[in-house]
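Letter by letter, the chains look like this.
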Amino acid sequence: MVTLYPGPVEVGGIRLRNHLLLAAGILGTTGASLARILASGAGGVVTKSIGPSPKEGHPGPCLIVVDGGIINAMGLPNPSAAFTEELAALQGEPVVVSIFGGTPEEFRTVAGWFAGRASGLELNLSCPHAEGYGAAIGSDPALVEECTRAAASYGVPTWVKLTPNVANIGEIGAAAERGGATAVVAVNTVKAMRISTALRRPVLGNRFGGLSGKAIFPVAVRCVYDLYEACSIPVIGCGGISTADNVVELMMAGASAVEIGSAVIDDIDVFSAIAKDLYGPDGVDAQEIVGCAHA
Amino acid sequence: MVTLYPGPVEVGGIRLRNHLLLAAGILGTTGASLARILASGAGGVVTKSIGPSPKEGHPGPCLIVVDGGIINAMGLPNPSAAFTEELAALQGEPVVVSIFGGTPEEFRTVAGWFAGRASGLELNLSCPHAEGYGAAIGSDPALVEECTRAAASYGVPTWVKLTPNVANIGEIGAAAERGGATAVVAVNTVKAMRISTALRRPVLGNRFGGLSGKAIFPVAVRCVYDLYEACSIPVIGCGGISTADNVVELMMAGASAVEIGSAVIDDIDVFSAIAKDLYGPDGVDAQEIVGCAHA
Amino acid sequence: MHEQMPAPVAITEIVEETPSIRTFVFDREIAARPGQFVMVWVPGVDEVPMALSSPSSITVQKVGDATAALFAMHEGDLIGVRGPYGNGFTVSGRTLAIGGGVGVSPLLPLVTTGQADTFLLGARTASELLFADRIREAATLMVATDDGTAGHHGFVTQLISRVDLADFAQICVCGPEVMMAAVLAILDREGCAERGRFSLHRYMKCGVGVCGSCCTDPHGLRVCRDGPVFSGDILLGSEFGRYARDATGSRHRV
Amino acid sequence: MHEQMPAPVAITEIVEETPSIRTFVFDREIAARPGQFVMVWVPGVDEVPMALSSPSSITVQKVGDATAALFAMHEGDLIGVRGPYGNGFTVSGRTLAIGGGVGVSPLLPLVTTGQADTFLLGARTASELLFADRIREAATLMVATDDGTAGHHGFVTQLISRVDLADFAQICVCGPEVMMAAVLAILDREGCAERGRFSLHRYMKCGVGVCGSCCTDPHGLRVCRDGPVFSGDILLGSEFGRYARDATGSRHRV
Ligand SMILES: Cc1cc2nc3c(=O)[nH]c(=O)nc-3n(C[C@H](O)[C@H](O)[C@H](O)COP(=O)(O)OP(=O)(O)OC[C@H]3O[C@@H](n4cnc5c(N)ncnc54)[C@H](O)[C@@H]3O)c2cc1C
Ligand SMILES: Cc1cc2nc3c(=O)[nH]c(=O)nc-3n(C[C@H](O)[C@H](O)[C@H](O)COP(=O)(O)OP(=O)(O)OC[C@H]3O[C@@H](n4cnc5c(N)ncnc54)[C@H](O)[C@@H]3O)c2cc1C
Ligand SMILES: Cc1cc2nc3c(=O)[nH]c(=O)nc-3n(C[C@H](O)[C@H](O)[C@H](O)COP(=O)(O)O)c2cc1C
Ligand SMILES: Cc1cc2nc3c(=O)[nH]c(=O)nc-3n(C[C@H](O)[C@H](O)[C@H](O)COP(=O)(O)O)c2cc1C
Ligand code: FES
Ligand code: FES
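Nothing here was measured: the structure is a model prediction, and the numbers come from that model. (Residues numbered from 1 in each chain as written. Chains lettered and ligands numbered in written order. Predicted model: local features only at pLDDT ≥ 70, side-chain atom pairs only at ≥ 80, totals over all residues. Heavy atoms only, no water.)

Remarks on the overall build of chain A
Consideration 1: Assigned secondary structure in chain A consists of nine helices and 16 strands.
Consideration 2: Computed over C-alpha atoms, the radius of gyration of chain A comes to 17 Å, within 12% of the 19 Å expected from 2.2 N^0.38 for 295 residues, which places it in the range of a compact globule.
Consideration 3: Along the three orthogonal principal directions, the C-alpha set of chain A runs to about 55 × 45 × 40 Å.
Consideration 4: Counting every position in chain A, which comprises 295 residues, the buried fraction comes to 68%.
Consideration 5: Sequence separation of at least 24 residues holds for 72% of the intrachain contacts in chain A that already meet a minimum separation of 6.
Consideration 6: Carbon and sulfur atoms make up 48% of the accessible area of chain A, which amounts to about 8500 Å² in all. (Helix = DSSP H or I, 4+ residues; strand = E, 2+ residues; numbered from the N terminus. Rg over C-alpha atoms; globule rule 2.2 N^0.38 Å. Buried < 20%, exposed > 50% of the residue type's maximum accessible area, 1.4 Å probe, protein only. Contact = heavy atoms within 4.5 Å. Areas by Shrake-Rupley, 256 points an atom, 1.4 Å probe, with all protein chains shown as cover.)

And the structure:
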């Protein structure tokens, strides 16, 4: 396997310790937990998505583990503006705050709370299971552009996270780029559902949820590949990564960095485990492989 | 597990021997192979998709087996009108001919070849990896309606197979219903791709392909659930089924019958294996469970 | 990641343990270590963490929506359980158990497997003492009630002075957080915090160490996966006894 | 369904076996039964089925795009292989092998593992005789060439009359379909079709028994999965020797 030369990298305006970030909503609720993941080898972390007002999230079950993946419908629980307290201990660390809103105005408000208090923002325009938020907005190019513009107005690095649940993800990525995104992140979860045949009802409290984990890796590769052709800003790959070879594969598809989420279920030290395989003193510069599968 | 009472069923105007059909494009190229699957317990079979002119399909690799699934980009190889010969030996059997075209006119032409020569038609408006065919049409509600109307004009049972690669599958199902579909089938494969990190290029000859198999089962459940709410014609479930419990789960989501494809890779006798678990003399009528998870 | 869908179980027996606590016995045995828990799906309501009081039961105090819905269920009704989750208690040598209120539930398997030697049991009042009879059969039992209706009149923590902590290889504790924090303070004072094993309660959504809602300060330890049982020395100087986060992730005093 | 992505292999050696046939040796051993095949990915061109002539080689005749691209490759170049696929030859007792042209390739592992006793080898002309030396080392070799430049002047099928079919528990055959059909006719005449083991060629796209492109009439047997080796009695009265389907699924005479 190709290995990469270790060292800090800059992607979409954000300086990271390596190419591996913690994905949004995974162990991202508290500052201490984010610090733990940074200490265990992540090059950066993305927080839980924070919105305009506190939310408790959906009733449980919020998450089920299925063959090769996880289906979740957390419902974007978050403490809203109070989350700034969690960031206090993380000053200077590579922390990206994930934010969401229902309108461009809400995105502007929430972005304002965090602009300057973290390395940058990631706009969740892609959560598939929260009415009126996330993917409800993220499948409309015009809205994506407007929300991005609202958040990017603070002039801080602004990543936009996209949903795979659209006919043409490239079109949405291009809209984010027009709105001023400094990078696009792909993908959020794939719309999914399971039913308990014994209880004759959907398992998740919210009925619908989003599939993540190994099962969606081929979907992520595809989306990153499409976005690399559709956008000129960097693409950050996410979805089903669990090995260093997966990271290399997403990079060859076009990812300049990656986010890892569900894989922590098997190993909370997945970042150091992957970094160990991915980096070596004889490694190549990531530039040599990013997008090379398009040749 | 709930079991069903055995016996023939009628779904979307087609009489089947049981609720389990062979999905399109799986062992569906020859009459003999379709007959073999019928003999081994399928309640009906759907043929390979047949189009307006013969096609060799994409260069290989056309298929890769991944964790929990298959990614294929066959490219709709088919002998076109010559396929009628394959049907000769299958007269009177529950055979659904899958057809595709690039325009409503092409759908009308191909439908004309097979109307009356089989139990019914299934319109492939969903293949994610053939330029200008399948999903390229299937994500546009107006085109879906027109193509359906063209094929349904022969007055034979007309099922419409949908792609999960859209933001709102219910909207597409409703369009098919308006066009005269007697049932909708969900889902075709999920857009996907893998790259060989050693060879630094996409594995599939066509680069892109579609993911099927267990990995997409939660996506299929979700789509069937959505369609059951959006349509009043029957929904036929497809995607990742490999057990009788999977069949029951899709039925509870809203499926009146199911199609099974990738599971033949593990067991070509999967139909009799599932039927053995699914049916019993004490079983309930399928009507009692179809859609029950919506209560 | 192998499939861990909630297993459907039918309630086979409902035992009224105290006026506010019931045991729900179900038709499936879940192999678990003492102190492990399951996520209990109350259909249509919520999913909440509950310790296993035996391989096939949970013992529940009615405190809100989900627990009230459980209390409204009957024998034969179906619920879902996934797990067992968490680390549970691992003990070797002599064990002192200290339990208060419904917190006695996760300690019961230690008793029934003969791994608890002495048990300090507390409750608000005599009728709320949980599992006293079963504990008495298998361990030395000492009781305290807030109102003095049984045993020592006062807090269960006050019973600690009546045992010799040096006798025990570990002290397993579960109960209201203020009670547990008081126990930790005593152990710390006696210089044996590291022998304390505290089973924590935090708001849990996933139960499998992914969502982050149960993470604790300052180490980011996940109660659902790294816990729920932590040794006392790890808890010293932590949020334990001071604050916890709610469903939104906001902090509140405990 | 466990992951079966094409394994990248580097070509370590290219052996010119005959003017039209080359062996490509690669840096990975694939544990396989004699007669099993791999799907060979020639990057940027196509993926085609090829028998393993050894655990780490394929032996290829240049006939079109993919094979020409292979012939243009050099040592060190990478190709992908997935497999092994198919049933292969299972033999017990004495074996007669009959091979023509590049069809000798899947029979070679029978020879190298000492499982072929007598080998009838045919080719167009002497220089096209494949693996004659290696076969001679391990089995009784009889040769035929169409042009008489070596051995019997005529078809390899004509050598069959020189052996006693009753001596062999099975007759393993691979070569051009007309040649194999002629062998089957002889075996049928001699009443021992069921001892014939014919390795078929059909257009293959998936190699794993899913796509249907290699299905044969009248039983719907899949050459890639139920075969490629079929016993003669199953082939009697089938499409074998009469027609085959191309990439579109249309029938053509063989
Ligand atoms: C590891 C663990 C083991 C537990 N074992 C038991 C037990 O054996 N018996 C028992 O009676 N209780 C146990 N609990 C507490 C039990 O989970 C709560 O009483 C229950 O969740 C209340 O739900 P509710 O809907 O009835 O109350 P609500 O009205 O929702 O809330 C009442 C209070 O219960 C707590 N709570 C609510 N939801 C959750 C949740 N998802 N996770 C954690 N706490 C929550 C909160 O403190 C909340 O303020 C345990 C908790 C944990 C973390
Ligand atoms: C089980 C099996 C084992 C084989 N083993 C060998 C071997 O060891 N050595 C060897 O030289 N050849 C072998 N072949 C034949 C080999 O697959 C074809 O020669 C090769 O596919 C030709 O590809 P091409 O692109 O060079 O030719 P093309 O120009 O594509 O076609 C030439 C002819 O090759 C055949 N062919 C093409 N593509 C395929 C395909 N995907 N599947 C099957 N046939 C195809 C067709 O008959 C076609 O008419 C085997 C075939 C099968 C089915
Ligand atoms: C429990 C859970 C919670 C998540 N919460 C969020 C979130 O708040 N915001 C967001 O943008 N994505 C969220 N996601 C999506 C992940 O960030 C990620 O995009 C997805 O899980 C795919 O990556 P993975 O396969 O590596 O997990 C969540 C995923 C999971 C499993
Ligand atoms: C090799 C292969 C070929 C397919 N060809 C077709 C096709 O021609 N027409 C079509 O509508 N669907 C086709 N499909 C999709 C299947 O019919 C089915 O929708 C999909 O595989 C999901 O079901 P499964 O998970 O049970 O395989 C094909 C799938 C595979 C794996
Ligand atoms: S409950 Fe989700 S991490 Fe603990
Ligand atoms: S090649 Fe696909 S079934 Fe044989």
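Quick word on the site of ligand 2
Residue and element names in this part refer to chain D.
Consideration 1: Around ligand 2, 20 residues are found, and the nearest of them are Pro 49, Thr 59, Gln 61, Ala 66 and Thr 67.
Consideration 2: For ligand 2, an oxygen atom lies 2.8 Å from a polar atom in the backbone of Gln 61.
Consideration 3: Taking Asp 65, its main chain carries an N or O atom lying 3.5 Å from an oxygen atom of ligand 2.
Consideration 4: Alone, ligand 2 offers 850 Å² of accessible surface; in the complex the protein occludes 77% of this.
Consideration 5: Those elements that provide at least two residues to the shell around ligand 2 are strand E4 (46–54), strand E5 (57–61) and helix H1 (65–71).
Consideration 6: In terms of residue count, the dominant contributor to the shell around ligand 2 is E4 (five residues).
Consideration 7: Here the residues of the shell around ligand 2 sort into eleven nonpolar, six polar and three charged. (Near = heavy atom within 4 Å. Polar contact = N/O pair within 3.5 Å; in protein donor to acceptor, adjacent residues only side chain to side chain. Nonpolar A, V, L, I, M, F, W, Y, C, P; charged D, E, K, R; others polar.)

Topic: the sheet that holds strand E15 (residues 229–231) of chain D
Picture the strands of a sheet paired through backbone hydrogen bonds; they go either parallel or antiparallel.
Consideration 1: With mixed pairing, seven strands are arranged side by side in an open sheet as E10-E9-E8-E7-E11-E12-E15 (chain D). Single-partner strands in this sheet number two, and they are strand E10 (152–153) and E15 of chain D. (Pairing = 2+ DSSP bridges.)

Structural notes on the UniProt feature "domain: FAD-binding FR-type" (unreviewed entry) in chain C
Consideration 1: Residues annotated by UniProt as "domain: FAD-binding FR-type" (unreviewed entry) correspond here to residues 4–91 of chain C.
Consideration 2: Between the end C-alpha atoms of residues 4–91 of chain C there is a gap of 27 Å, over a span that is 8% helix and 52% strand. (UniProt positions renumbered as here; feature names shortened; annotations may be inferred.)

So, the interface of chain B and chain A
Consideration 1: Taken together, the contacts link 43 residues of chain B with 43 residues of chain A.
Consideration 2: Between chain B and chain A, roughly 3400 Å² of surface is buried when both sides are summed, and carbon and sulfur atoms account for 60% of that area.
Consideration 3: Applying the counting criterion to the chain B and chain A interface returns two salt bridges.
Consideration 4: Ionic pairing is found between Glu 249 of chain B and Arg 194 of chain A, a salt bridge with its closest N-O pair at 2.6 Å.
Consideration 5: Every element with two or more residues in the side of chain B that touches chain A is listed here: strand E11 (190–192), strand E12 (195–196), strand E13 (201–202), strand E14 (209–212), helix H7 (217–230) and helix H8 (244–253) of chain B.
Consideration 6: The element contributing the most residues to the side of chain B that touches chain A is H7 of chain B, with eight residues.
Consideration 7: By residue class, the composition of the side of chain B that touches chain A is 24 nonpolar, six polar and 13 charged. (Buried area = accessible area lost by both parts, 1.4 Å probe. Salt bridge = Lys/Arg side-chain N within 4 Å of Asp/Glu carboxyl O.)

Overview of the UniProt feature "binding site: FMN" (unreviewed entry) in chain A
All names here are of chain A.
Consideration 1: Taken from the UniProt record, the annotation "binding site: FMN" (unreviewed entry) applies to Lys 48, Ser 49, Asn 124, Lys 161, Val 187, Gly 213, Gly 239, Gly 240, Gly 261 and Ser 262.
Consideration 2: Non-local contacts of Gly 239, meaning those with residues more than four positions away in its chain, are made with Ile 216, Phe 217, Ala 220 and Glu 259.
Consideration 3: In this structure Gly 240 comes out as buried when scored by relative accessible area, which is 12%.
Consideration 4: Residues within four places of Gly 240 in sequence aside, it is in contact with Gly 213, Lys 214, Ile 216, Phe 217 and Asn 246.

Considerations on the site of ligand 3
Consideration 1: Taken together, 24 residues form the shell around ligand 3, and within it Ala 24, Ser 49, Lys 161, Gly 240 and Ser 262 of chain A come nearest.
Consideration 2: Proximal residues around ligand 3 fall on chains A and C, making this an inter-chain site.
Consideration 3: Between Lys 48 of chain A and ligand 3, the recorded distance is 3.0 Å, taken from a side-chain N or O atom to an oxygen atom.
Consideration 4: Protein burial of ligand 3: of its 600 Å² of free accessible surface, 98% is covered by the chains.
Consideration 5: Taken together, the residues of the shell around ligand 3 break down into ten nonpolar, twelve polar and two charged.

Brief notes about the pairing of E5 of chain D
On a regular strand, one side chain projects to one face of the sheet and the next to the other, so that they alternate.
Residue and element names in this part refer to chain D.
Consideration 1: In terms of burial, E5 is a largely internal element, four of the five residues being buried.
Consideration 2: Across five bridges, strand E2 (residues 21–26) lies against E5 in antiparallel orientation. From the neighbouring strand, Ile 21 faces E5, where its bridge partner is Gln 61.
Consideration 3: Across two bridges, the pairing between E4 and E5 is antiparallel.

Thoughts on the environment of Gly 261 of chain B
Residue and element names in this part refer to chain B.
Consideration 1: Within the secondary structure, Gly 261 sits in the loop between strand E16 (255–260) and helix H9 (270–278).
Consideration 2: Separated by 149 residues in the primary sequence, Gly 261 and Gly 112 place their C-alpha atoms 26 Å from one another.
Consideration 3: Excluding residues within four positions of it along the chain, Gly 261 makes contact with Ala 23 and Ile 26.

Quick word on the sheet that holds strand E4 (residues 44–46) of chain A
Residue and element names in this part refer to chain A.
Consideration 1: Strand order in the closed barrel formed by eight strands is E3-E4-E7-E8-E9-E10-E15-E16, and the pairing between neighbours is parallel. This sheet shows a mean twist of 25 degrees between the axes of neighbouring strands, independent of strand direction.
Consideration 2: Relative to strand E9 (residues 158–162), strand E8 (residues 120–124) is paired through four bridges, and the arrangement is parallel. What sits directly across from Leu 123, in E9, is Val 160.
Consideration 3: Most of the contacts of helix H3 (residues 104–114) go to strand E7 (residues 95–99), to which it runs at about 155 degrees, and overall it touches E7 and E8. (Axes fitted to C-alpha atoms, helices over the stretch in contact; angles between N-to-C directions.)

Some points on the packing of helix H5 (residues 141–152) of chain A against helix H6 (residues 169–179) of chain A
All names here are of chain A.
Consideration 1: In the contact formed by H5 and H6, the axes pass within 7 Å of each other and the chain directions differ by 30 degrees. Judged by the inter-axis angle, H5 sits roughly parallel to H6. In the crossing of H5 with H6, the sense of the turn from one axis to the other is right-handed. Contacts between H5 and H6 involve Pro 141, Val 144, Glu 145, Thr 148, Arg 149 and Ala 152 from the former and Glu 171, Ile 172, Ala 175, Ala 176, Arg 178 and Gly 179 from the latter. (Parallel < 35°, antiparallel > 145°, perpendicular 65-115°, else oblique. Left-handed = near helix turned anticlockwise from the far one by under 90°.)

As for the interface of chain C and chain A
Frequently, the measure chosen for interface size is the accessible area removed from exposure when the parts meet.
Consideration 1: With 41 residues of chain C at the interface, the matching set in chain A holds 47 residues.
Consideration 2: If you look at where chain C meets chain A, you find four salt bridges.
Consideration 3: A salt bridge links Glu 86 of chain A to Arg 245 of chain C; the nearest nitrogen and oxygen atoms lie 2.9 Å apart.
Consideration 4: Linking chain C with chain A are twelve residue pairs in polar contact (both at pLDDT 80 or more).
Consideration 5: Elements with a contribution of two residues or more to the side of chain C that touches chain A: strand E4 (46–54), strand E6 (78–85), strand E13 (215–216) and strand E14 (221–222) of chain C.
Consideration 6: With four residues, the top contributor of residues to the side of chain C that touches chain A is E6 of chain C.
Consideration 7: Looking at the side of chain C that touches chain A residue by residue, the class counts come to 17 nonpolar, 13 polar and eleven charged.

Describing the relation of the copies chain B and chain A
Consideration 1: Rotating chain B by 180 degrees and translating it 0.0 Å along the rotation axis places it on chain A, where the RMSD comes to 0.0 Å. Such values leave the two copies arranged in the relation of a two-fold axis.
Consideration 2: Interface overlap between copies: 100% of the residues of chain B at the interface are likewise at the interface in chain A, consistent with a symmetric, same-surface contact. (Least-squares fit on C-alpha atoms with pLDDT ≥ 70 in both.)

Here's the deal with the pairing of strand E14 (residues 209–212) of chain A
All names here are of chain A.
Consideration 1: Here strand E6 (residues 69–72) runs beside E14; their pairing, made up of three bridges, is antiparallel. In the strand pairing of E14, Ile 70 is matched with Ser 212.
Consideration 2: Here strand E11 (residues 190–192) runs beside E14; their pairing, made up of three bridges, is antiparallel. Bridge assignment links Ala 192 to a residue of E14, and that residue is Gly 209.

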